[in-house]
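Okay, here's what each chain looks like letter by letter:
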Amino acid sequence: MADIIKLLPDHVANQIAAGEVVQRPASVVKELLENAIDAGAASIKLIIKEGGKVLIQVIDDGIGMTPTDARMGFERHATSKIQKAEDLFSLNTKGFRGEALASIAAIAHVELQTRPEQDEMATHLRIEGSEIKFQEVCVAPKGTSMSVKNLFFNIPARRNFLKSNQVELRHITDEFHRVALAHPGIAFNFYNNGSELFNLPKANQRQRIVHIFGSKTNEKLVPVNEETQVVKIAGFIIKPEFAKKSRGEQFFFVNNRFIKSPYLHHAVLAAFEGLIKSDAYPGYFLYLDVDPASIDINIHPTKTEVKFDDEHTLYAILRSTIKHSLGQFNVVPALDFEQDQNLETPYDYKDKNAVQPNVTVDRAFNPFQEVGQKSPAGRSYKKQNTEGWENLYVGLESKVGQNDDFSSVRFESESNTGSFFEGHQEDLESIATTFQLRRKYIVTTIKSGMVVIDQSRAHQRVLYEQFLKNITVNQAISQQLLFPLQLSFSNADIAILKEIKESLTSIGFVFSNIDKEEVRITGVPPLISESEVGMVLDQLISDFQMQITEDSFSQTDVLAKTLAKTLSVKTGEVLNNASQLALVNDLFACKESRWSPFNKPVYVTITESDIDKKFI
Ligand code: ADP
Ligand code: MG
């Protein structure tokens with residue numbers, strides 16, 4: 001038989017390698033930024049168009065390349081950074097594989113202009129799909145400008161796989177954050193579709209963090225510093241009271257390279273134990289310096305994972321260092337005995353005798369209480385301060401028993417239930433046939449037996465449908481705030497808020513201003529209380545960021561789901577009888593009462609014969 005094994009042509013091998021190195025525009029951004037850093041740049045510009053699908057350009061003022069190096073750089077395994085295997089153990093550059101440029105050039109149109117400082121003329125080179133289209137001498141400033149256009153032009157499947165421009169831009173921004181945080185000594189500019197997203201001057205670590213995440217971040221940072229034989233730790237943690245319910249900011253850098261490490265993350269969590277709620281995430285920016293010989297960064301092609309020689313020691317040091325910082329900077333709550341009481345008193349009043357003010361208050365007065373209405377005991381599943389919530393129902397027919405899906409199940413007390421909002425609250429309480437089981441389920445009887453309802457999922461479903469209706473009906477009811485609510489966010493978060501502003505407005509948020517780092521809110525949906533707004537918006541921003549990994553959700557759907565998840569009654573909450581019954585009514589008035597918005601079953605029915613069988 002004839003020999004059949006052949007070496008792949010270079011451009012095919014490069015295209016295959018590109019599959020690993022370049023997943024999306026953000027991967028190109030990372031490689032180009034890192035090359036600029038390795039070239040010793042003092043200032044780096046990143047220019048993006050259409051989420052990087054049309055253009056990714058990085059301009060640096062680093063060492064540049066000679067005409068020969070400019071061509072050589074696009075060969076596979078061509079690198080100036082290591083020469084022998086041992087060099088891998090003393091690595092102090094970002095790159096070392098020599099595959100990035102070869103891979104990128106195989107799947108895009110690349111244009112390069114580069115000039116070493118000592119040369120008079122620069123090199124201009126164009127490569128498309130691994131083929132050099134032209135090379136000429138030109139005039140250009142010192143350093144390198146690399147443009148990558150039409151990514152995946154020759155791999156339609158990959159191109160189609162790319163997400164929306166906004167989602168790709170978010171990935172790019174994440175990558176930019178990581179690189180910019182790791183190198184505060186380098187100035188960065190980031191332009192997207194012609195407008196400047198970031199302008200970061202040369203700075204120290206703290207300033208860089210504040211420049212990226214907003215001026216309000218400064219007061220949240222607690223410094224961390226420790227030097228041992230194994231590791232030098234520097235950086236900041238975010239005070240426990242600012243821990244976010246959602247992802248938040250978590251950054252580890254090892255020898256100035258961003259890494260992900262669930263193990264080290266756990267060490268930080270352990271240090272924060274008892275200081276933050278179990279469902280909150282601590283924020284941190286931690287820079288570890290270790291001997292390059294003690295780590296192996298070679299285990300993953302995109303290089304965000306690192307293998308440490310002595311992980312256990314590192315864990316212990318990290319944990320105790322952070323605990324120490326939390327204690328040292330008085331972040332752990334403590335009683336403050338030393339405060340001088342005199343400082344609290346305005347000067348004019350210091351020598352006067354205090355007189356007890358005489359104020360009479362009608363403590364029984366409740367402006368919202370209707371005559372004869374009893375306030376129910378226990379947590380109401382609807383917020384107390386949400387007058388106007390009933391209005392959401394206006395025009396939406398939602399009578400119990402009219403639900404097709406549930407037509408076979410009829411409530412025993414059906415004739416009496418009606419709608420919760422018609423003022424029959426007292427009747428309902430007296431004949432209520434609901435029962436709360438383990439603060440988790442609501443049990444109610446039906447003609448054929450009984451239903452066991454997951455209270456949290458049921459409420460999620462109810463809220464989800466209400467928000468969706470509100471959004472689609474487009475008649476937002478808004479509760480005007482007496483004083484505008486002023487909240488601060490990072491610029492990246494502001495960008496997301498701007499993106500979803502229209503949907504938020506459609507459910508009743510009124511923004512008087514969304515600007516640099518600041519949001520002013522003058523109206524909120526009646527379902528959301530003022531104190532919850534910050535949390536709800538945080539959660540929304542994080543969900544929209546996470547959407548990166550999920551497909552095919554419309555903005556309104558994500559919005560309705562997030563709100564439903566955030567505002568719903570949770571497992572463990574006690575519901576009073578009226579609330580239980582109202583929830584049951586609302587649930588079975590839903591279009592789809594069987595499934596939660598997250599596709600989990602909401603209730604199970606147990607028929608009499610099911611029960612009978614158990615007694616045989
Ligand atoms: P690596 O970074 O792993 O060495 P790359 O394919 O990213 O591999 O780059 C190949 C080579 O091209 C680098 O080793 C470097 O010598 C040169 N190079 C790439 N980008 C730049 C730049 N911005 N300035 C100067 N030289 C560069
Ligand atoms: Mg590189």
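Residues numbered from 1 in each chain as written. Chains lettered and ligands numbered in written order. Predicted model: local features only at pLDDT ≥ 70, side-chain atom pairs only at ≥ 80, totals over all residues. Heavy atoms only, no water.

The test is simple: UniProt positions are given in the numbering used here, feature names are shortened, and annotations may be inferred rather than shown by experiment.
As recorded in an unreviewed UniProt entry, the protein chain goes by DNA mismatch repair protein MutL and comes from Maribacter polysiphoniae. UniProt's Sequence similarities (unreviewed entry) comment on the protein chain is quoted here verbatim: "Belongs to the DNA mismatch repair MutL/HexB family." Recorded under Function (unreviewed entry), the UniProt text for the protein chain is reproduced unchanged: "This protein is involved in the repair of mismatches in DNA. It is required for dam-dependent methyl-directed DNA mismatch repair. May act as a 'molecular matchmaker', a protein that promotes the formation of a stable complex between two or more DNA-binding proteins in an ATP-dependent manner without itself being part of a final effector complex."

**What to know about a nonpolar patch on the surface**
Going by this rule: Patch construction takes residues with relative accessible area above 30% that form no salt bridge. Like charges are linked within 9 Å, and nonpolar side chains (Val, Leu, Ile, Met, Phe, Trp, Tyr) are linked within 5 Å. Where accessible areas are quoted, they stem from the Shrake-Rupley method and a 1.4 Å probe; at the residue level, only the protein chains shown are allowed to cover. When a carboxyl oxygen of Asp or Glu lies within 4 Å of a side-chain nitrogen of Lys or Arg, that pair is called a salt bridge. Per the convention used, a helix needs a DSSP run of H or I reaching at least four residues, while a strand needs a run of E reaching at least two, with both numbered from the N terminus. Each residue gets one of three labels from its accessible area relative to the maximum for its type: buried under 20%, exposed over 50%, partly exposed in between, using a 1.4 Å probe on protein chains only.
A cluster of nonpolar side chains, Met1, Ile4 and Ile5, forms an exposed patch at the surface whose accessible area comes to about 490 Å². With respect to the helices, strands and loops of the structure, Ile4 is situated in the segment before helix 1 (10-21). According to the relative accessible area criterion, Ile4 is exposed, its value standing at 64%.

**Digging into unusual backbone geometry**
Notably, Asn150 is not glycine yet its phi reads approximately 50°, a positive angle. With respect to the helices and strands, the residue Asn150 is situated in the loop between strand 6 (143-149) and helix 5 (156-161). Of the residues examined, Asn150 reaches a relative accessible area of 30% and is grouped as partly exposed. The phi torsion at Arg439 lies on the positive side, around 50°, for a residue other than glycine. The topology assignment puts Arg439 in the loop between strand 16 (434-437) and strand 17 (441-446).

**So, the packing of aromatic side chains**
Within a pair of aromatic rings, the relevant descriptors are the distance that separates the centres and the angle that separates the planes. Using the following cut-off: Each aromatic pair joins two rings of Phe, Tyr and Trp (for Trp, the six-membered one) with centres within 6.5 Å, and gets the label stacked for planes under 30 degrees apart, edge-to-face for over 60, and tilted for any other angle.
Evaluation of the coordinates by the stated rule reveals 15 aromatic pairs. When the centroid spacing of 5.3 Å and the interplanar angle of 35° are considered together, the rings of Phe176 and Phe198 count as tilted. Taken together, the residues Phe176 in helix 6 (residues 165-182) and Phe198 in strand 8 (residues 195-200) connect sequence positions 22 residues apart. Across this residue pair, the class does not change: Phe176 and Phe198 are buried. Considering the side-chain rings of Phe251 and Phe253, the 6.1 Å spacing of their centres and the 0° angle between planes classify their relative orientation as stacked. Of the two residues examined, Phe251 and Phe253, each falls in the buried class. Taken together, the ring pairs connect Phe213, Phe251, Phe253, Phe258, Phe285 and Tyr287 into an aromatic cluster.

**Some words on the sheet that holds strand 19 (residues 479-488)**
Rules: Here, any two strands with at least 2 DSSP bridges between them count as paired. Every angle, taken between N-to-C directions, lies between 0 and 180 degrees, and every axis is a line fitted to C-alpha atoms, over only the stretch in contact when it is a helix. Throughout, a contact is declared for two residues whenever any of their heavy atoms are within 4.5 Å.
Pairing is antiparallel in the open sheet, where three strands are placed in the order 19-21-20. Bordering the open sheet on either side are strand 19 and strand 20 (510-515), each of which pairs with just one other strand. Along the sheet, successive strands turn relative to each other by an average axial angle of 10°, direction set aside. Direction of pairing for strand 20 relative to strand 21 (residues 518-524): antiparallel, over a ladder of five bridges. The partner of Ile514 across the bridge, within strand 21, is Val519. Set on the sheet, helix 13 (residues 491-506) makes contact with strand 20 and strand 21; between it and strand 20 the angle comes to about 165°.

**A word on the pairing of strand 9 (residues 221-227)**
Two strands pair when backbone bridges link them, and strand 9 and strand 10 (residues 232-238) are joined in this way by seven bridges, in the antiparallel orientation. Directly across from Pro223, in strand 10, lies its bridge partner Phe236.

**Remarks on the side chain of Glu168**
For Glu168, the location among the structural elements is in helix 6. Note on Glu168: relative accessible area 0%, which makes it buried. Sequence-distant contacts of Glu168, defined by excluding residues within four places in its chain, comprise Arg24, Pro25, Gly51, Lys53, Leu162 and Lys163.

**A short note on the pattern of salt bridges**
The full count for this structure, using the stated rule, is 16 salt bridges. For Arg126, the salt bridge identified is with Glu128, shortest N-O distance 3.9 Å. With relative accessibility at 28%, the residue Arg126 sits in the partly exposed group. In this structure, a network of salt bridges that share partners links the residues Glu111, Arg126, Glu128 and Lys149.

**Looking at the environment of Leu581**
Considering the arrangement of structural elements, one finds Leu581 in helix 16 (residues 577-588). Separated by 137 residues in sequence, Leu581 and Thr444 have C-alpha atoms that sit 8.7 Å apart.

**Description of the site of ligand 1**
Rules: One heavy atom suffices: a residue is near a molecule or strand as soon as one of its heavy atoms comes within 4 Å of it. Whenever two N or O atoms come within 3.5 Å, that pair is a polar contact, provided that in protein one can donate a hydrogen and the other can accept it, and provided that, for residues adjacent in sequence, both atoms are side-chain atoms. Gly falls in the polar group here, along with every residue not listed as nonpolar (Ala, Val, Leu, Ile, Met, Phe, Trp, Tyr, Cys, Pro) or charged (Asp, Glu, Lys, Arg).
The environment of ligand 1 is formed by 18 residues, the closest being Asn35, Thr79, Ser80, Lys81 and Gly98. Asp60 is positioned with one of its side-chain polar atoms (N or O) 2.9 Å from a nitrogen atom of ligand 1. Relative to its unbound accessible area of 530 Å², ligand 1 is 92% covered by the protein chains. For the shell around ligand 1, the residue count by class is six nonpolar, eight polar and four charged.

**With respect to helix 9 (residues 311-328)**
What counts here: Given a helix with a known number of residues, its expected span is that number minus one, times 1.5 Å.
The terminal C-alpha atoms of helix 9, which comprises 18 residues, lie 25 Å apart, in line with the 26 Å expected from a rise of 1.5 Å per residue. Turning to helix 9, its buried residues number three or more, namely Leu314, Tyr315, Ile317, Leu318, Thr321, Ile322, Ser325 and Leu326. Elements in contact with the buried residues of helix 9: strand 9, strand 10, strand 11 (250-254), helix 8 (262-272), strand 13 (284-289) and strand 15 (307-308).

**Structural notes on a negative patch on the surface**
Basically, it comes down to this: Positive: Lys, Arg. Negative: Asp, Glu. His and the chain ends are not part of the count. Charge coordinates come from a single atom per side chain, which is NZ of Lys, CZ of Arg, CG of Asp or CD of Glu.
Taken together, Asp291, Asp296, Asp309, Asp310 and Glu311 make up a surface patch of like negative charges. Tracing the backbone shows Asp310 in the loop between strand 15 and helix 9.

**Things to note about the packing of helix 8 against helix 9**
The criterion, for reference: In this scheme the crossing of two helices becomes right-handed for a clockwise turn of the near helix relative to the far one and left-handed for an anticlockwise turn of less than a right angle.
Here helix 8 crosses helix 9 at 35°, and the two axes come no closer than 8 Å. Here the hand of the crossing between helix 8 and helix 9 comes out right-handed. Residues Tyr263, Leu264, His266, Ala267, Val268, Ala270, Ala271 and Phe272 of helix 8 lie in contact with helix 9, whose contacting residues are Glu311, His312, Leu314, Tyr315, Leu318, Arg319, Ile322, Lys323 and Leu326.

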